[in-house]
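Chain and residue survey
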Amino acid sequence: SLPCTFKGLPEDYPELMQIPPNIFVPYNAQATVHLYEGFWGLLLPVTVHGRVSDIWRAYLTQKLLWDVGQSISFAPAHVIHDRVAHDYLKDFQSESDLYLKSTALVNFLSSWSSDAPTLVERLEQLWAALYSRGFVEEADLKLAQAWIRDLLSMGYKFPDLRVGEENESMPTKRSEL
């Protein structure tokens with residue numbers, strides 16, 4: 001049996017919470033839904049610890065989602081996760097970059113800008129900037145470049161930039177999803 005269970009939620013359960021642009025929020029890779037328009041942002045860095053990679057991916061993705069008129073929303077959990085035993089000290093040590101470098105990463109992302117005319121170019125530029133500042137290693141930059149090539153080769157349509165436009169109205173009720 002799996003260490004988690006799934007159960008339905010009532011239709012009148014609380015509404016979604018949309019995070020406005022320029023507010024960074026961490027989210028991990030567990031029990032998340034990504035729309036087609038944000039598929040490009042699914043790549044997890046591999047040169048940082050796995051307990052760090054999904055959070056940093058979330059920050060990077062959010063920075064560029066705003067450029068295409070999208071944002072992050074949170075909904076009530078659909079999964080109940082029964083945790084297995086952990087060595088909390090080891091977890092803490094594995095997450096050291098989250099405690100020691102996340103403020104610098106978010107500050108960098110807050111000030112980073114690009115005049116590149118496409119999301120593809122901005123995505124590569126941002127990965128290169130993260131590498132040049134020591135947040136990730138060269139292998140992540142090369143992986144991101146390969147990810148972009150793979151997405152393009154399979155016909156993925158990257159969203160157009162919409163900088164300066166208002167974000168589209170996001171669904172606020174579960175029934176609108």
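Residues numbered from 1 in each chain as written. Predicted model: local features only at pLDDT ≥ 70, side-chain atom pairs only at ≥ 80, totals over all residues. Heavy atoms only, no water.

1. So, the pattern of salt bridges
Where side chains of opposite charge bring their charged atoms close, a pairing between them can arise. Under the defined criterion, the tally for this structure stands at five salt bridges. The salt bridge partner of glutamate 138 is lysine 142, with a shortest N-O separation of 3.6 Å. You can see glutamate 138 and its partner lysine 142 sitting in helix α5 (residues 138-153), four residues apart, about one turn around the helix. A salt bridge links aspartate 160 to lysine 157; its shortest N-O distance comes to 3.9 Å. Judged by relative accessible area, which is 55%, aspartate 160 ranks as exposed. A relative accessible area of 52% means that lysine 157 is categorised as exposed. (Salt bridge = Lys/Arg side-chain N within 4 Å of Asp/Glu carboxyl O. Helix = DSSP H or I, 4+ residues; strand = E, 2+ residues; numbered from the N terminus. Buried < 20%, exposed > 50% of the residue type's maximum accessible area, 1.4 Å probe, protein only.)

2. Description of the environment of tryptophan 40
Along the chain, the position of tryptophan 40 falls in the loop between β2 (17-18) and α1 (50-65). It is 7.3 Å that separates the C-alpha atoms of tryptophan 40 and phenylalanine 158, two residues lying 118 residues apart in sequence. At a separation of 2.7 Å, a polar atom in the side chain of tryptophan 40 contacts the main-chain carbonyl oxygen of glutamate 37. (Polar contact = N/O pair within 3.5 Å; in protein donor to acceptor, adjacent residues only side chain to side chain.)

3. So, the packing of α1 against helix α3 (residues 96-111)
At a closest axis distance of 11 Å, the pairing of α1 and α3 adopts a crossing angle of 10°. When the interaxial angle is binned, α1 and α3 end up roughly parallel. Of the residues in α3, those touching α1 at Arg51, Val52, Ile55, Trp56, Tyr59, Leu60 and Lys63 are Asp97, Leu98, Lys101, Ser102, Leu105, Val106, Leu109 and Ser110. Class assignment of the residues belonging to the contact of α1 with α3 gives a composition of nine nonpolar, two polar and four charged. (Axes fitted to C-alpha atoms, helices over the stretch in contact; angles between N-to-C directions. Parallel < 35°, antiparallel > 145°, perpendicular 65-115°, else oblique. Contact = heavy atoms within 4.5 Å. Nonpolar A, V, L, I, M, F, W, Y, C, P; charged D, E, K, R; others polar.)

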